[in-house]
Amino acid sequence: MARKTTLIILFLLGIVLSPANADEAARGARTRRPSFGLMIQSGVAVADEPVGSGYPAGFYTPKAQAVGLIGAALDIPLFSAFSLGIGLQLHGVTASNPAGGWTYRAHWGGGLRLSAGYGFLISEPSRPLQLTLGFSAGGSFNVDLYTLTTLFFFYPGVLLEPYLELVPSSRKHSSIALMLPIEYYFRRDLEFYGSVGLGVVWRYTRK
Amino acid sequence: MSMPRKPGRTSPRHRTAAALRAAILFLLIRTAVFSAGLAFLASCTFDLDYDKYAIVYGISDYPDPVNDLTVADDDALAMRDLLDDQGFEVISYTHTDAGATSGQLVIDMNAIASVATIDDLFVFYFSGHGGQDLPGTAGGTENTPDSDADEEYILLHDGGLTDDQLASLLRTIPCARKVVILDACFSGGFVSNYLETDAIPPEYSQGPSGIFGTLGNAIYLYANFQDYGSDIPPGEALVMAATGEQDVAYETEDNGVMTGYLLESATEADRNFDGYITVSESYFYIYRNINKSFNMLYGASGFVFFPHVSGGPVDYILFTKK
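(A) The pattern of salt bridges, seen in detail. All names here are of chain A. Across all of its chains, the model carries nine salt bridges over all chains by this definition. Ionic pairing is found between Glu161 and Arg113, a salt bridge with its closest N-O pair at 3.1 Å. Here Arg113 lies in strand 5 (residues 107-121) and Glu161 lies in strand 7 (residues 151-168), a separation of 48 residues in the sequence. For Arg113, a relative accessible area of 7% puts it in the buried group. One salt bridge in this structure joins Arg203 and Glu165, with 3.1 Å as the shortest N-O distance. Placement of Arg203 in strand 10 (residues 190-205) and of Glu165 in strand 7 is noted, with a sequence separation of 38 residues between them. The residues Arg203 and Glu165 share a single accessibility class, namely buried. A cluster of three or more residues bridged by salt bridges with shared partners is formed by Asp75, Glu165 and Arg203.

As structure tokens, then:
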């Protein structure tokens, strides 16, 4: 059963990622030049169970933390509908609620984000507002400061980011995309740390 | 009969403007929901249904008069009163001067260990001398990154108690949340952070670490994350230390400099207005005020120091604002 599911997924991925399909998808899309993007997003992170000597197993339960992020990115189209992105971000995470007399700490910091994206044009090229559905996948490298302290720590993460891009046919050099970023972070001091959010990115492509 | 469309309503420019308006509206709604959520959380009170225990020691009169301090015993009594007011079981575990011995500390720790549970909060407070000894003193180890090789100790009335010895005693306390507050010289050596790098060096007068040094250290610690088995790791207790590992602490006429601000923090340090003061909030209030007042005043004379705190992903409520 698992093998059959894997084969189906591979088949669908093959269709979706085939160059022919990409060419089809890219036809009519906005100009294929590097674009600069400004991003803002917010969401919810979930932290669970600190790791390290002395922490009693099972005492600390999962709690939610609010996340906010702003960033800037450069998207470089490679061929057809593929692109590579590199960006810098500033993010902040609030402390969790203090139920039980403890919180997951607030922290904020910066990060480098690398991603690869793929988009399909889902509206007619002749429409005044072209819609592109796509996703980005990549990773981030973050250095954060625990709020109210002088303690810095590092953690990498992976992200999957479906998006819907709105490109006015009259102004193909700028667009707005709505994103649904889903991130998992490899924190050495937590059993689990991930986030999901909503975001908006404004992209500008040189004429 | 169909109505004629208004001219311009379907133009590409108009649609672009509509899309932009929709995006801005979307952002505004999200911001409003987010703010409402934060306001809701801030207005919530949480049932902190657990017992609180504290051991409070302060020593001004040491056997050798050369070591005598001025207000360390007063620090302990002021701290006892504060913790008592905060609902801690603390009166019978407060000892000053000749009563504050290592033997008494073991008795007090055992007494609390026999009644406390994992849900309870435990605080150990000490005001007095701190010192450094040769590596390996009392079987201790000093493997923590960013640590010097010396063995730090607090000086009880009958002798020193090293960071590793205190860590062993803390392991007998079953509480998940333990806080150690040390108003003593070199007390930063009790802090053991495995993952976090402190931008403030153990000797404050050296100035903050450079950004690339801090970044490199943070990545190094991530790549080499392990239990170094020395000092007091954040999982064992959050340590709030008056000084760095190589700094000296000071007293005023009323209190130790750190303890003075610690006492104030119980009412002044609620940064997020939720009615609770966490270890981090208290620590921030202390270091900001030491820097703004004491270090500014005496910096030219070289009498500067900087408090340090444990890392780790969790923080504990230390005080309830009254």
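(B) Representation of the sheet that holds strand 6 (residues 159-162) of chain B in the model. Residue and element names in this part refer to chain B. Reading across the sheet, the three strands line up as 4-5-6 and stay open at both edges, with antiparallel pairing between neighbours. Where the open sheet ends on each side, the last strands, each with one partner, are strand 4 (130-133) and strand 6. Along the sheet, successive strands turn relative to each other by an average axial angle of 45°, direction set aside. Relative to strand 5 (residues 151-156), strand 4 is paired through four bridges, and the arrangement is antiparallel. By the bridge assignment, Gly130 is partnered in strand 5 with Ile154. Helix-sheet contacts for helix 4 (residues 163-170) involve strand 5 and strand 6, and the interaxial angle to strand 6 is about 70°.

(C) Representation of the packing of aromatic side chains in the model. Scanning the model with the defined rule gives 26 aromatic pairs over all chains in all. When the centroid spacing of 6.4 Å and the interplanar angle of 85° are considered together, the rings of Tyr155 of chain A and Tyr193 of chain A count as edge-to-face. Of this pair, Tyr155 of chain A sits in strand 7 while Tyr193 of chain A sits in strand 10, and the two are 38 residues apart along the sequence. Comparing Tyr155 of chain A with Tyr193 of chain A, the two get one shared label, buried. For the pair Tyr287 of chain B and Phe306 of chain B, a centre-to-centre distance of 5.0 Å together with 40° between the ring planes defines the contact as tilted. Of this pair, Tyr287 of chain B sits in helix 7 (residues 279-298) while Phe306 of chain B sits in the loop between helix 7 and strand 11 (308-309); the two residues are 19 residues apart in sequence, bridging distant segments of the chain. Given the relative accessible area of 2%, Phe306 of chain B is considered buried. Grouping aromatic residues by their ring pairs yields a cluster made of Tyr55, Phe59, Tyr60, Trp102 and Tyr104 of chain A. Here the basic side chain of Lys63 of chain A rests over the ring of Trp102 of chain A, its NZ or CZ set 3.7 Å away from the ring centre. It is Arg203 of chain A that lies over the ring of Tyr163 of chain A; its NZ or CZ is 5.3 Å from the centre.

Thresholds applied
Residues numbered from 1 in each chain as written. Chains lettered and ligands numbered in written order. Predicted model: local features only at pLDDT ≥ 70, side-chain atom pairs only at ≥ 80, totals over all residues. Heavy atoms only, no water. Salt bridge = Lys/Arg side-chain N within 4 Å of Asp/Glu carboxyl O. Helix = DSSP H or I, 4+ residues; strand = E, 2+ residues; numbered from the N terminus. Buried < 20%, exposed > 50% of the residue type's maximum accessible area, 1.4 Å probe, protein only. Pairing = 2+ DSSP bridges. Axes fitted to C-alpha atoms, helices over the stretch in contact; angles between N-to-C directions. Contact = heavy atoms within 4.5 Å. Phe/Tyr/Trp six-rings, centres within 6.5 Å; stacked < 30°, edge-to-face > 60°. Lys NZ or Arg CZ within 6 Å of the ring centre and 35° of its normal.

These results come straight from atomic positions and should not be treated as a statement about function.
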